[in-house]
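So you can see what is in the structure, the chains are spelled out below.
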Amino acid sequence: MGCLFCNIIKGEVPSKKIYENERVYAFEDINPCAPVHVLVVHKTHIRNIDELDHSNAPIMADLFLAVKEIARSTGLEADGYRVIINNGKAGGQVIWHLHVHVLGGLPDLGPMLSV
Ligand code: AMP
Ligand code: ZN
(Lines give C-alpha, C1' and ligand atoms only; values in the text may rest on other atoms or scores of the structure.)
(Ligands and ions follow the chains in the order given, each with its own letter.)
Protein backbone atom coordinates (compact mmCIF):
# COMPACT_ATOMS: atom_id res chain seq x y z
CA MET A 1 0.00 0.00 0.00
CA GLY A 2 1.51 3.34 -1.05
CA CYS A 3 1.38 6.73 0.58
CA LEU A 4 -1.58 8.88 -0.52
CA PHE A 5 0.36 12.14 -0.32
CA CYS A 6 3.33 10.69 -2.24
CA ASN A 7 0.83 9.63 -4.90
CA ILE A 8 -0.65 13.15 -4.94
CA ILE A 9 2.85 14.62 -5.32
CA LYS A 10 3.50 12.25 -8.26
CA GLY A 11 0.18 13.28 -9.84
CA GLU A 12 -1.19 9.73 -9.62
CA VAL A 13 -4.00 10.94 -7.36
CA PRO A 14 -5.70 14.19 -8.42
CA SER A 15 -5.42 17.30 -6.28
CA LYS A 16 -6.05 21.01 -6.58
CA LYS A 17 -2.59 22.52 -6.60
CA ILE A 18 -2.06 25.75 -4.67
CA TYR A 19 1.74 25.96 -4.73
CA GLU A 20 4.76 23.97 -5.84
CA ASN A 21 8.51 24.34 -5.83
CA GLU A 22 11.41 21.89 -6.18
CA ARG A 23 10.90 20.41 -2.74
CA VAL A 24 7.35 21.24 -1.63
CA TYR A 25 3.84 20.65 -2.92
CA ALA A 26 0.64 22.23 -1.56
CA PHE A 27 -2.97 21.46 -2.39
CA GLU A 28 -6.51 22.05 -1.18
CA ASP A 29 -7.75 19.82 1.62
CA ILE A 30 -10.53 17.59 0.27
CA ASN A 31 -12.60 18.20 3.41
CA PRO A 32 -11.97 21.86 4.24
CA CYS A 33 -12.37 23.12 7.82
CA ALA A 34 -12.23 26.79 6.79
CA PRO A 35 -12.76 28.83 3.60
CA VAL A 36 -9.06 28.38 2.91
CA HIS A 37 -7.59 25.01 3.94
CA VAL A 38 -4.33 24.07 2.29
CA LEU A 39 -2.12 21.06 2.98
CA VAL A 40 1.61 21.60 2.57
CA VAL A 41 3.79 18.52 2.09
CA HIS A 42 7.45 17.94 1.43
CA LYS A 43 8.38 15.86 -1.61
CA THR A 44 10.60 13.79 0.68
CA HIS A 45 8.47 11.21 2.45
CA ILE A 46 8.74 11.56 6.20
CA ARG A 47 6.17 10.05 8.54
CA ASN A 48 5.92 12.87 11.07
CA ILE A 49 7.89 15.08 13.46
CA ASP A 50 9.11 12.01 15.32
CA GLU A 51 11.32 11.13 12.33
CA LEU A 52 13.04 14.51 12.25
CA ASP A 53 16.69 14.84 13.13
CA HIS A 54 19.46 17.23 12.23
CA SER A 55 20.02 15.58 8.85
CA ASN A 56 16.47 16.14 7.61
CA ALA A 57 15.55 19.25 9.63
CA PRO A 58 15.68 21.47 6.48
CA ILE A 59 12.37 19.83 5.58
CA MET A 60 10.73 22.03 8.20
CA ALA A 61 12.33 25.18 6.80
CA ASP A 62 11.12 24.24 3.31
CA LEU A 63 7.60 23.63 4.62
CA PHE A 64 7.34 26.83 6.62
CA LEU A 65 8.81 29.03 3.90
CA ALA A 66 6.18 27.54 1.60
CA VAL A 67 3.49 28.33 4.19
CA LYS A 68 4.62 31.94 4.10
CA GLU A 69 4.39 32.05 0.29
CA ILE A 70 0.96 30.41 0.34
CA ALA A 71 -0.31 32.85 2.98
CA ARG A 72 0.76 35.65 0.70
CA SER A 73 -0.62 34.20 -2.53
CA THR A 74 -3.99 33.20 -1.05
CA GLY A 75 -4.49 36.54 0.69
CA LEU A 76 -4.35 35.09 4.21
CA GLU A 77 -1.31 37.08 5.23
CA ALA A 78 -3.19 40.34 5.87
CA ASP A 79 -5.62 39.08 8.52
CA GLY A 80 -3.69 36.09 9.85
CA TYR A 81 -4.17 32.36 9.67
CA ARG A 82 -3.65 29.16 11.61
CA VAL A 83 -0.96 26.54 11.04
CA ILE A 84 -1.53 23.03 12.39
CA ILE A 85 0.45 19.80 12.38
CA ASN A 86 -1.44 16.78 13.67
CA ASN A 87 1.32 14.51 14.94
CA GLY A 88 0.67 10.88 15.76
CA LYS A 89 -2.51 9.09 16.75
CA ALA A 90 -3.57 11.27 19.70
CA GLY A 91 -2.73 14.34 17.63
CA GLY A 92 -5.29 13.27 15.04
CA GLN A 93 -2.84 12.34 12.31
CA VAL A 94 -4.51 10.04 9.78
CA ILE A 95 -2.17 10.45 6.80
CA TRP A 96 1.31 9.28 7.70
CA HIS A 97 3.22 11.73 5.54
CA LEU A 98 4.16 14.88 7.49
CA HIS A 99 1.93 17.75 6.43
CA VAL A 100 1.11 21.26 7.54
CA HIS A 101 -2.49 22.48 7.56
CA VAL A 102 -2.90 26.17 6.67
CA LEU A 103 -6.31 27.49 7.62
CA GLY A 104 -7.88 30.89 7.21
CA GLY A 105 -10.38 33.07 5.42
CA LEU A 106 -12.51 33.87 8.49
CA PRO A 107 -12.31 36.96 10.72
CA ASP A 108 -11.73 34.67 13.72
CA LEU A 109 -10.82 31.00 13.55
CA GLY A 110 -12.11 30.39 17.07
CA PRO A 111 -10.55 28.47 19.94
CA MET A 112 -7.43 26.46 19.31
CA LEU A 113 -9.04 23.24 20.51
CA SER A 114 -12.68 22.19 20.80
CA VAL A 115 -12.28 19.07 22.98
P1 AMP B 1 -4.39 14.69 9.33
O2 AMP B 1 -5.56 14.37 10.22
O3 AMP B 1 -3.57 15.83 9.87
O4 AMP B 1 -3.58 13.47 8.98
O5 AMP B 1 -5.01 15.30 8.02
C6 AMP B 1 -5.23 14.60 6.86
C7 AMP B 1 -6.00 15.53 5.95
O8 AMP B 1 -5.91 15.03 4.64
C9 AMP B 1 -7.48 15.68 6.29
O10 AMP B 1 -7.76 17.04 6.57
C11 AMP B 1 -8.18 15.19 5.03
O12 AMP B 1 -9.35 15.92 4.73
C13 AMP B 1 -7.11 15.36 3.98
N14 AMP B 1 -7.21 14.49 2.83
C15 AMP B 1 -7.41 13.15 2.81
N16 AMP B 1 -7.41 12.68 1.55
C17 AMP B 1 -7.20 13.76 0.74
C18 AMP B 1 -7.11 13.92 -0.66
N19 AMP B 1 -7.21 12.89 -1.52
N20 AMP B 1 -6.92 15.18 -1.15
C21 AMP B 1 -6.82 16.23 -0.30
N22 AMP B 1 -6.89 16.13 1.04
C23 AMP B 1 -7.09 14.91 1.56
ZN1 ZN C 1 4.48 9.89 1.45
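Residues numbered from 1 in each chain as written. Chains lettered and ligands numbered in written order. Predicted model: local features only at pLDDT ≥ 70, side-chain atom pairs only at ≥ 80, totals over all residues. Heavy atoms only, no water.

Student: What should I look at first to understand the pattern of salt bridges in this one?
Tutor: Side-chain pairs of opposite charge can arise whenever the charged atoms involved come near each other. Per the counting criterion, the structure on display carries 6 salt bridges. Between glutamate 20 and lysine 17 there is a salt bridge, with its nearest N and O atoms 2.8 Å apart. Judged by relative accessible area, which is 35%, glutamate 20 ranks as partly exposed. We note a salt bridge from glutamate 22 to arginine 23, for which the minimum N-O separation is 3.5 Å. Assessed through its relative accessible area of 69%, glutamate 22 is described here as exposed. Exposure remark for arginine 23: the relative accessible area of 39% places this residue in the partly exposed category. Here the salt bridges share partners, and the residues they tie into one network are Lys17, Glu20 and Lys43. (Salt bridge = Lys/Arg side-chain N within 4 Å of Asp/Glu carboxyl O. Buried < 20%, exposed > 50% of the residue type's maximum accessible area, 1.4 Å probe, protein only.)

Student: Hey, could you run me through a nonpolar patch on the surface in this one?
Tutor: A cluster of nonpolar side chains, contributed by Phe64, Tyr81 and Val83, occupies part of the molecular surface with about 230 Å² of accessible area. Tracing the chain through its elements places valine 83 in strand E4 (residues 82-84). According to the relative accessible area criterion, valine 83 is partly exposed, its value standing at 33%. (Patch = residues over 30% accessible without salt bridge, like charges linked within 9 Å, V, L, I, M, F, W, Y side chains within 5 Å. Areas by Shrake-Rupley, 256 points an atom, 1.4 Å probe, with all protein chains shown as cover. Helix = DSSP H or I, 4+ residues; strand = E, 2+ residues; numbered from the N terminus.)

Student: How should I be thinking about the sheet that holds strand E5 (residues 99-104) in this particular structure?
Tutor: Each strand in a sheet pairs with another by means of backbone hydrogen bonds, the pair being arranged parallel or else antiparallel. Strands sit in the order E1-E2-E3-E5-E4 across an open sheet of 5 strands; the sheet is antiparallel. Edge positions in the sheet fall to strand E1 (17-20) and E4, since each of these pairs with one other strand and no more. Strand-to-strand twist of the sheet, defined as the mean angle between neighbouring strand axes without regard to direction, takes the value 20 degrees. The pairing of strand E3 (residues 36-42) with E5 spans 6 bridges and is classified as antiparallel. By the bridge assignment for E5, leucine 39 is matched with histidine 101. Lying on the sheet, helix H2 (residues 58-73) is in contact with E1, strand E2 (24-28), E3, E4 and E5; it crosses E3 at an angle near 150 degrees. (Pairing = 2+ DSSP bridges. Axes fitted to C-alpha atoms, helices over the stretch in contact; angles between N-to-C directions. Contact = heavy atoms within 4.5 Å.)

Student: In this structure, what is going on with the site of ligand 1? I would like to understand it.
Tutor: In the neighbourhood of ligand 1, 16 residues make up the surrounding shell, with Asp29, Gly92, Val94, His99 and His101 lying closest. Measuring from an oxygen atom of ligand 1, one finds a side-chain N or O atom of asparagine 86 at 2.9 Å. One nitrogen or oxygen atom from the side chain of histidine 99 is found 2.7 Å from an oxygen atom belonging to ligand 1. Within the complex, the protein chains bury 83% of what would otherwise be the 510 Å² of accessible surface of ligand 1. At 3 residues, helix H1 (residues 4-10) tops the list of elements feeding residues into the shell around ligand 1. Of the residues that constitute the shell around ligand 1, the class distribution is 8 nonpolar, 6 polar and 2 charged. (Near = heavy atom within 4 Å. Polar contact = N/O pair within 3.5 Å; in protein donor to acceptor, adjacent residues only side chain to side chain. Nonpolar A, V, L, I, M, F, W, Y, C, P; charged D, E, K, R; others polar.)

Note that every value here comes from positions in space, so none of it alone points to a role or purpose.
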